[in-house]
Amino acid sequence: MTEFSWTKNWYPIFPLSYIDPSVPTSITILDKKLVIWRDKNDKWSVMDDQCPHKLAQLSKGTIKEDGTLMCRHHGWCFNGEGQCTTIPMLVGNEALETACNSLRSQVKIYPTQINQGLLWVWPDNSITPFEDSNNKQPATIPECGLDSNSTDWYMSEVPVGYTVSLESSFDPSHAQFLHEGIAGFSPEKTVPISRFETVGEISAETGFTLKHTGYNSVNQDMDAMRQFTPPCCNTTIYEYTNGAKFLFQLYFIPTKPGYCRYIGKVISNQNFSSNNILLNSLPKNLRTGFSHLFNYKLSDQNLSIMHSQEVIQSTLDQSWNKAYFLPSPADLGIITFRKWLDEFANNGPFSENHNNNKYQELTDEQLYDRWYRHTQYCPSCRSAVIFLDKLQKYGQILTMILVVITLIVILIPISIKWGIVSTILAIIIILLSNKIDDIRYLFMSSLPKKGLPIVNLYTDIKK
Ligand code: FES
C-alpha cells in the first residue's frame, strides 16, 4: 500500500490578490512557520520564518530597496534563494564572505508556483523538494464548462482542524439543519439522500470520488459529485435538471492542530449579481468587502458545531468508527474520507501529536472573532474598514464646522433659520457616524456590539 506523504504535496497558501508584495507575510502550514515575500526579480519566495542568527521571525522584517529581506533584529539580509547577503556587525569583507558562504547562514527555501491565481508551496524538508515537486501537479479547478475566473477567491483562517473541516465538506445532509434560515435551507424540506456511492478506486495519491442525489425538496433531483484530491481539496459539482450548474472549489489547508485555512470559490452558469443599488455604486474592492459581511452567518453556524465536535473528539480514547454511529446512506462521504485517512495517510496531518493535544474550548469572543479569521487578510475588507474610518473622520470635522456655524448664528443673530439648518445637519451626521461605527464593528466580530454578548445564529429564521 502506498503511504501518503503530507509534506510532498502542493498546498495553496494564499490567493495572490490577498498578498501585499511590499511586506513579508507570515504563514503556518503543517505546524511549520514560513515567510512569503517577493524578491527583486518579482519572484515569490517561501522560506523558513526564522533568522539563522538568533531565530527571530523574518516575517517581522523589511523588504529592502535592493530586493533582499532584512531581519529586524540585527539587520542580516537574505536574497530570494535564502542566501545571506549582509551581516552589518561583521568587520571586513573576508569575514563577511566566509559567514555568508556558510550553510549555517542560509535560510531554507521551498518550491513555489502560481496557478489559477493562487500561490502554492511544497513544504517538504527533504533534500530533493525541487525535483520531487516537478513530478506532481497541484489540485486545480477541473475543466467542466464553467469559467473558473468568473469569481474571486475567498480566504479565512478558522479555529477548526483539518479532519473535522474536510469531513464536514463530504457530509452534505447537515445543511438543512445547521444552516436553517440561509439560502432556503429548512428541516421541513429535508429529503433523505437515496443514492450515495463511490465511483472508481480510492487511492493515496488521487483520493476518491463520490456521487449522490439531493437532500431537500428543491435539489432532490440534482446530480452531485464530490471529489477529494489530496492533500486538501474538495471539488463539488451540482448539476440540476433545469441546466443550472455549480462548482465549489474548496481547500482546507492544515495550518496547526485545531486550525485550518480555508480558500475557496463558487463558480456557476447562473447570474447572482446583486441588485443592491447602494452596494453596486461602490468601487469593486469596497463592494467585495461589504458583500463578505453576508458570509459570516453560515460560517458562524459551522464554527459553533465543528469546534464543539472537535473539542469532544480530542478527549476520546477510541477511533472514529467506534465513536460515530453512521447508519444512513448520507454518511458515506464521512466514512470514505475517514477510511482514506486511516488507510493511506496516518490518520491525518498531525496524528503523532494529536493524542496529546486536548483542544481547549474557545471563548465566544475567540471563536466568533472576525478580524483574525478574515478581515486582517482580506484587502477588500481592510479597504472597507479604512473607508469607514475616513467617513467618520470627515463626519467629525463637518460636525465641528456646523457647531461653529450654529454658535455664530446664535451670537450674531443673522437668521435663526440657518442656525436650525446647521443644528439639524449636525444631528444627522452624528447619527450617521454611529451607524458607520456599527458597520465597522461587523468587520471585527460576530458578537453583538450592544446588549448581551450572544451570537445570533438562528433567530432570524422565517418559517
Ligand atoms: S536574529 Fe536576525 S539578525 Fe539577529
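Going by the structure above, here's the rest.
Owing to the predicted nature of the structure, the values given are computational and were not obtained by experimental measurement. (Residues numbered from 1 in each chain as written. Predicted model: local features only at pLDDT ≥ 70, side-chain atom pairs only at ≥ 80, totals over all residues.)

Draft legend 1. How the structure looks around the pairing of strand E1 (residues 11-15). In terms of residue burial, E1 counts as a mostly covered element, since 5 of its 5 residues are buried. Here E1 pairs with strand E11 (residues 118-121) via 4 bridges, running antiparallel. Among the inter-strand pairings, Pro12 is bridged to a residue of E11, identified as Trp120. (Buried ≥ 20, exposed ≤ 12 C-beta atoms within 10 Å, placed from the backbone. Helix = DSSP H or I, 4+ residues; strand = E, 2+ residues; numbered from the N terminus. Pairing = 2+ DSSP bridges.)

Draft legend 2. Representation of the environment of Asp300. Here Asp300 lies in helix H7 (residues 296-313). Sequence separation between Asp300 and Leu282 is 18 residues; the distance between their C-alpha atoms is 27 Å. Residues in contact with Asp300, not counting those within four places in the same chain, are Tyr368, Ser446, Val455 and Leu457. (Contact = placed C-beta atoms within 7 Å.)

Draft legend 3. The arrangement of the sheet that holds strand E12 (residues 154-158) in detail. Strands sit in the order E12-E18-E17-E16-E15-E14-E13 across an open sheet of 7 strands; the sheet is antiparallel. Every other strand in the sheet has two partners, leaving E12 and strand E13 (196-203) as the edge strands with one partner each. Neighbouring strand axes in the sheet, compared pairwise and without regard to direction, differ in orientation by 15 degrees on average. Sheet analysis places E12 next to strand E18 (residues 259-268), joined by 5 bridges and oriented antiparallel. Bridge pairing links Tyr154 to Gly264 in E18. (Axes fitted to C-alpha atoms, helices over the stretch in contact; angles between N-to-C directions.)

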